[in-house]
Amino acid sequence: MSSEDAAAPGDAAGDGSGETGGTGDTDHENALQDVIAVDPDDVAQGTVNRLDAHTGDGIRHRAFTCLVFDGEGRILLAQRAPNKRLWDGHWDGTVASHPVEGQSQEDATEQRLEEELGISPDQYDDLRVTDKFEYKRYYPNEGVEWEVCAVLKVTLDDISLDPDDDEIGGMLWADYDHLHENPALYRQLRLCPWFEIAMRRDFS
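For clarity, every value in this text was computed on a predicted model and none was experimentally measured.

Mapped onto the elements, T65 comes out in strand β3 (residues 61-69). For T65, the side chain forms a polar contact with the main-chain oxygen of V95, separated by 3.3 Å. Discounting chain neighbours no more than four positions away, the residues touching T65 are D92, G93, V95, A96, C149, A150, V151, L152, W194 and A198.

Membership of the largest hydrophobic core comes to 25 residues, with the highest contact counts inside it found for I75, L77, L179 and F195. Put simply, the parts of the chain that give this core at least two residues each are β3, β4 (74-80), β7 (128-139), β8 (143-155), α3 (176-181) and α4 (193-203). Among all residues touching L77, those that are not within four sequence positions of it are W91, D92, G93, G170, M171, L172, A174, L179, L189 and F195. Grouped together as the second largest cluster of nonpolar side chains are 17 residues, V68, A108, I119 and I168 included.

Right, let's get into the UniProt feature "active site" (unreviewed entry) in the protein. Within this numbering scheme, the UniProt entry marks E147 as carrying the feature "active site" (unreviewed entry). Inspection of the secondary structure assignment puts E147 in strand β8. With a relative accessible area of 0%, E147 lands in the buried category. A distance of 3.1 Å separates the side chain of E147 from the side chain of H61, its partner in a polar contact.

Moving on: the environment of D34. Structurally, D34 is set in strand β1 (residues 34-38). Its relative accessible area of 41% is what places D34 among the partly exposed residues. The spacing of D34 and N49 is 15 residues in sequence and 4.4 Å in space, taken between C-alpha atoms.

To describe a pair of aromatic rings, you give the distance between the ring centres and the angle between the ring planes. Overall, the coordinates contain five aromatic pairs when judged by the stated rule. Taking the centre distance of 4.8 Å and the plane angle of 45 degrees together, the rings of W87 and Y139 count as tilted. Taken as a pair, W87 in the loop between β4 and β5 (91-92) and Y139 in strand β7 lie far apart in primary sequence, 52 residues in all. Relative accessible area serves as the criterion here: at 6%, W87 is assigned to the buried category. For the ring pair Y176 and F203, a centre distance of 5.0 Å and an interplane angle of 50 degrees mean the geometry is tilted. Of the two residues, Y176 is situated in helix α3 and F203 in helix α4; the sequence distance between them amounts to 27 residues. Ring pairs connect the aromatic residues F69, Y176 and F203, which therefore count as one cluster. Above the face of the W146 ring, K136 is positioned so that its terminal group lies 4.1 Å from the ring centre.

A word on the layout of surface pockets. For the largest pocket, the calculated volume is near 270 Å³. Among the elements of the structure, α3 and α4 are those that each provide at least two residues to the lining of the largest pocket. Residue contributions to the lining of the largest pocket peak at four residues, all from α4. The residue makeup of the lining of the largest pocket, split by class, is six nonpolar, one polar and five charged.

Glancing now at the pattern of salt bridges. Across all of its chains, the model carries 11 salt bridges by this definition. A salt bridge links D202 to K153; its shortest N-O distance comes to 2.8 Å. Within this pair, whereas D202 is found in helix α4, its partner K153 is found in strand β8, the two being separated by 49 residues in sequence. A residue is classified by how much of its surface remains accessible, and K153, at 14% relative accessible area, is buried. Counted as one network, the salt bridges with shared partners bring together K84, R112, E115, E116 and E167.

Parameters and conventions
- Residues numbered from 1 in each chain as written.
- Predicted model: local features only at pLDDT ≥ 70, side-chain atom pairs only at ≥ 80, totals over all residues.
- Heavy atoms only, no water.
- Helix = DSSP H or I, 4+ residues; strand = E, 2+ residues; numbered from the N terminus.
- Polar contact = N/O pair within 3.5 Å; in protein donor to acceptor, adjacent residues only side chain to side chain.
- Contact = heavy atoms within 4.5 Å.
- Core = buried A, V, L, I, M, F, W, Y, C linked by side-chain atoms within 4.5 Å.
- Buried < 20%, exposed > 50% of the residue type's maximum accessible area, 1.4 Å probe, protein only.
- UniProt positions renumbered as here; feature names shortened; annotations may be inferred.
- Phe/Tyr/Trp six-rings, centres within 6.5 Å; stacked < 30°, edge-to-face > 60°.
- Lys NZ or Arg CZ within 6 Å of the ring centre and 35° of its normal.
- 1 Å grid on protein atoms, 1.4 Å probe; cavity = no way out; pocket = protein on both sides within 12 Å on 5 of 7 lines; lining within 4 Å.
- Points joined across faces, edges and corners; volume = space filled by probe spheres on them.
- Nonpolar A, V, L, I, M, F, W, Y, C, P; charged D, E, K, R; others polar.
- Salt bridge = Lys/Arg side-chain N within 4 Å of Asp/Glu carboxyl O.

Right, here's the structure in full:
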């Protein structure tokens, strides 16, 4: 759901909703990237063009979202940069992306945490997959997300951050229980749909 540059081989293909620029542009940098097409059970069906996967009716593909916490039970919300084509300015909890072929969800998550927020592996030791779900959401006039999305969680021992301005528009720490129990109080934040689903399932 986020890198703006073409991913090099072995690099996570950016966030599932991280396309920038106009729709259907074959010269768009995301047209140089691939994501992993999957069936409803997350069994790989080969690779597909990332831009194709996020336009028209989309192509189901593998993705992840990582919920980042501190030791006090707060979740780090990260606002998507305004240059994103999909869900620009929305708040995510915390990073979302796609693994590339041959890359595990954990390795892809570790990469995106460092690239987007400057969070290095020595700041945590409990990165783990906690859930997986399929969802499909259209972003009006721009594109679509159709993903089998793994949910990972991590708790930071050191909350030092060094965000990339091309990826992150803003950051805030929120009490996770309060956010879930009082959605109306956070409505102005415009939460990303995959995060809202992950949070709802986490409390169910």
